[in-house]
Every structure is written in C-alpha cells, then in structure tokens.
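Listed here are the chains, written in short residue letters.
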Amino acid sequence: MGKLAVAAITSLWVIPMSMIVNHIVPDPYMDEIFHVPQAQQYCSGNFRSWDPMITTPPGLYYLSLAHVASLFPGMLLLMRITSQSFSEACTTSILRSTNAVFAVLCGVLVYEIIRFLGPSLSDRKATLMALVVSLYPLHWFFTFLYYTDVASLTAFLAMYLACLRKRYFLSALFGTLAILIRQTNVVWMLFVACSGVLDFTLDSPSRQKISRKRRKHDSSLDARDRFDRGKSASSTEDTSGLVYDVYAVISTSWNMKWKILVKFSPFIVVVVAFGIFILWNGGIVLGAKEAHVVSPHFAQIMYFSLVSALFTAPLHFSVDQLRNLLQELRQNWPLSLLLTLVALIAGFASVHFFSLAHPYLLADNRHYPFYLWRKIINAHCLVKYMLVPVYVYSWFSILTLLAKTRRKIWVLVYFLATCAVLVPTPLIEFRYYTIPFYIFMLHSCVRSNGCTTTWLLTGTIFVCVNVFTMAMFLFRPFKWSHEDGVQRFIW
C-alpha cells in the first residue's frame, strides 16, 4: 500500500473509462468545443489565436503541449522532416488524456497530503481515504473530458502540499500554474499562503513565549495551548479561543514581520502580478464577460454546504455527528444560540435577496442544476426557505469537523476563501465546489484517525453517483428540436 498503490488503482478506472468515453463520444462536447480547437491552435503554433468565448487562461493548453510532446518524443523531429503539423497529434482523445494523467497524479498528491496531516494513519487506511477522495463525482466525471477542473485541482494540491512542507517558493510556483489554469485560484493561493503564515507564526518560538506568559496568568489556557501545538480540542470552547489565535497571529507576525515578508515574498509577487493583470484586462474574466458578470450570489455558499454534506452524508448525518452538535449547543448554549440565530437570518436573507437564476441555468436542460432548480428549489415559493435550516446545519457540521483538526482562525480563513470564490459566481456550477470540498475532505481524513466504515459508505455513494451520471452521459443521449446534433446529460 502507498502512493504507488493509489496510482495503480486509480489507473485501473481512468484508462478503461477514458477508452469508453472516447469511443462513444469521440467529438468535442459542451465546453470542449471551445477548449479543444484552442488547444489545437496552440499545437499548430498559433499562440496569438484566442477564442473570445473562453473565460479561463491558457495554462491547460500549454500543459497539453507538454503532454503530447512527452507521448510522442520523436514526433517533433519527424514532423520537421516530413513537414507535418504537430496539431495532427492533438486529437480530442489525446487532449482528454491530459486530464487522465492529472487524475492519477491527483490521487498521489491526496495520499501525500493525508500522510502529512495524519502521520499516525496506517498506509492501508491512508490509501483507502485517498482512493475514496479521488472518486469524488465532480472530479471523477471531468477526468474524461477536456475541461480545466482536473488540472486546476492538481496544481492546487501540489501548491498546498509544498506549503505544508514549508517549501514556499515551490508552493508559489504551483500557485502561479493554478492561476494560469483558472484565475479564481488566486483566492486559493491566498488561502494556502495564509495557512502557511498561521503555521509559521503559531508554531514559532515567539508564539510559544506568548503562550507561556499567558499560562502564568490563566491556567485555563492549558487546553488551548495543547490545541495550538496540533492536538485536537473541543470546538465547544467560547470565542476566547478565536480571539486568542488572532491575538497570537497579530503579535507574533509583527515581531517576525521581516522574516515573514522574506519567507512569503513569492506569494506576494504573484498576487501583485495578478492585480496588474486585472487592471490591464478590466476584470477577472477573460472572455464572454457579459455572461459572467460578478454578482452577489450569497445563496451559492448555501448550495455548496448542502451539496458537500449530501456527498459525504455518513460524516454529517450520522447519529454521532448529530449528538456531537447537540452536545456543543448545550455546553455553550448562549453563544451557540446566538450564532445559530445569526446563521439562520443570514441564510434566509441570502436565499431571499441573493438567490440568482442565471439565463444559462434556466435554458440549458443538459445540466443537473437545471433540474434541481426547477424540481426542488423553485418547485414552490416556500421550498427555498424550508431548506435554510438544512443549509445552516450542513455548514455547522463542516466547520465543526474542521475545528477538530485545525485552529479556529484557520477554519475562519477557509470559510472566507470559500465565500470569496463562490459568492461572485452567478451560475450554479457544482464544478466550482471541488477545491473547497477537497480541503474539507483532506482534513476530515485525520479526525480520530478516520472511521473505515464511514469512508467505505462515502466511497459507495461516490461510486453509485459516478455510475449513474456516466451512464446518463453515455447511454441516454437526446436531441433538441431547434438544434442539430446529439445532446447529453452532464454536471
């Protein structure tokens, strides 16, 4: 067992499924009709060519060039001799195989991160967890199409792993690659940098000195100090835990400001460069700007919480988890009641004032959100309000589970980063949930060394969803009366 086992087992489903998809759907489909021709333009050497309908940077296309060249190392010389075009090798199936390679690499990176976060986990359990996480339906499905999602996730995981290992320059390089694949990854690079700063400051000798001083005046902080050194602590503690973390970060960061600036300067350079790009481009979106206008879509974070909780239902809707949440409410009921009321009010306000129906959502019946919107959320005027308590419970469950393995200030940064990515997005796209979902899954892996039964149940849910969605995609095509060609169901 280990990363080689993860790579081998992942390949066992990636390779045959790629062959099946390429056989049944050989031509570009959905967004592939933009990405594939653009990549082929790059294969032909037309680097100044750009499709104005493409919204993301060209990072995936450059990676595909390297991938094709690695598959056919002698092809470049041969084509020079025969005057053939390199683009002849950039077929749809070959370009799709770029993501197949990244999917295997993703599994290995997930395993390495799990082993780093949970060094006490056995290889067998870490391998099981990595394989289950790799089966996450959104990630699994788009492994077999030429989309940016899998490459984007790979770059993020590499960036996060490098930061955890305190290799900040390498982490920033992977962050740059992640942004070149999908520009919203700048938020996740900031999250990774903040996570690195938190680890760097709260584990530093200066911070330990502050902690010792504080213990002289308040012995009740012993449990908090153990938590700051990486051990689990109950999330039922009052807000003094978060306030103390903020105080420790600010005071320690000020004392170490020059050291921090030097250590994390690569991230600063990338962020400044990205800011210059936004000023030059007139916004974060490259193409089709009229269809991707930044909007206050606060309901989006509600959808994320429920979708993530449903995918990992054994973690969130178990008797044990419900008992833990109720116990926390009882132990600190004044604060818990206040937070619950605030969350419910915010949830009702989000779905009432900031629930957007993008024209693509209302018109495109190829996507599952189209049916979820019509059949559930918009089935009755009261349904969206009835779902608010479930949204709030899902968020509380996610944040509580994270707080068992990470500091509360880290959990706050995670929540803010998720909001920063999802709230401005007007279109309901479950693909956008992948990275925040992976972050939660990676850190839930180390909670109490994980429960094998829970992970097996979660893996079963993933497999069932994958079988259903892929069967619908491949074997239930349909046609539109107003447009030629075959249409297929997709996430």
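Everything quoted here is computed from the prediction, not taken from an experiment.

Conventions adopted
- Residues numbered from 1 in each chain as written.
- Predicted model: local features only at pLDDT ≥ 70, side-chain atom pairs only at ≥ 80, totals over all residues.
- Heavy atoms only, no water.
- Helix = DSSP H or I, 4+ residues; strand = E, 2+ residues; numbered from the N terminus.
- Buried < 20%, exposed > 50% of the residue type's maximum accessible area, 1.4 Å probe, protein only.
- Axes fitted to C-alpha atoms, helices over the stretch in contact; angles between N-to-C directions.
- Parallel < 35°, antiparallel > 145°, perpendicular 65-115°, else oblique.
- Left-handed = near helix turned anticlockwise from the far one by under 90°.
- Contact = heavy atoms within 4.5 Å.
- Core = buried A, V, L, I, M, F, W, Y, C linked by side-chain atoms within 4.5 Å.
- Salt bridge = Lys/Arg side-chain N within 4 Å of Asp/Glu carboxyl O.
- Phe/Tyr/Trp six-rings, centres within 6.5 Å; stacked < 30°, edge-to-face > 60°.
- Patch = residues over 30% accessible without salt bridge, like charges linked within 9 Å, V, L, I, M, F, W, Y side chains within 5 Å.
- Areas by Shrake-Rupley, 256 points an atom, 1.4 Å probe, with all protein chains shown as cover.

(A) Inspection of the overall build of the protein at higher detail. The secondary structure content of the protein amounts to 26 helices and two strands. With 491 residues in all, the protein has 53% of them scored as buried.

(B) Spotlight on the packing of helix α8 (residues 149-164) against helix α25 (residues 434-444). One way to put it is that α8 packs onto α25 with a least axis distance of 11 Å and a crossing angle of 40°. With respect to α25, the element α8 is oriented oblique. The two elements α8 and α25 cross, and the hand of that crossing is right-handed. Contact with α8, carried on its side by S152, L153, F156, L157 and Y160, involves T434, I435, Y438, I439, L442 and H443 of α25 and no other residues of that element.

(C) Up close: the nonpolar core. Formed by 141 residues in total, the largest nonpolar core has its most connected members in F156, L157 and Y414. Contact partners of F156, with chain neighbours within four places excluded, come to A178, W188, V192, I435 and I439.

(D) Geometry of the pattern of salt bridges. Evaluation of the coordinates by the stated rule reveals eleven salt bridges. Residues R182 and D149 are paired through a salt bridge, measuring 3.1 Å at the closest nitrogen-oxygen approach. With R182 in the loop between α9 (168-181) and α10 (185-202) and D149 in helix α8, this residue pair connects regions lying 33 residues apart in the sequence. With relative accessibility at 11%, the residue R182 sits in the buried group. Between R431 and E429 there is a salt bridge, with the nearest N and O atoms lying 3.4 Å from each other. Classification of E429 by relative accessible area gives buried; the value is 8%. Shared partners join several salt bridges into a network, and the residues in it are D149, R182, E429 and R431.

(E) Representation of the packing of aromatic side chains within the structure. Enumeration over the complete set of coordinates arrives at 44 aromatic pairs. Centroid distance Y136 to Y438: 6.0 Å. Interplanar angle 75°. Geometry classified as edge-to-face. Placement of Y136 in the loop between α6 (123-134) and α7 (137-141) and of Y438 in helix α25 is noted, with a sequence separation of 302 residues between them. For Y136, a relative accessible area of 0% corresponds to the buried category.

(F) Inspection of α25 at higher detail. Burial of α25 is extensive: eleven of the eleven residues sit out of reach of the surface. Regarding α25, the residues found buried are T434, I435, P436, F437, Y438, I439, F440, M441, L442, H443 and S444.

(G) View of a nonpolar patch on the surface. Judged by side-chain polarity, W258, L261, I268, V272 and I276 come together as a nonpolar surface patch covering roughly 530 Å² of accessible area. For the nonpolar patch, the secondary-structure elements that each account for two or more residues are α14 (257-263) and α15 (265-281). No other element matches α15, which puts three residues into the nonpolar patch. In this fold, V272 is placed in helix α15.

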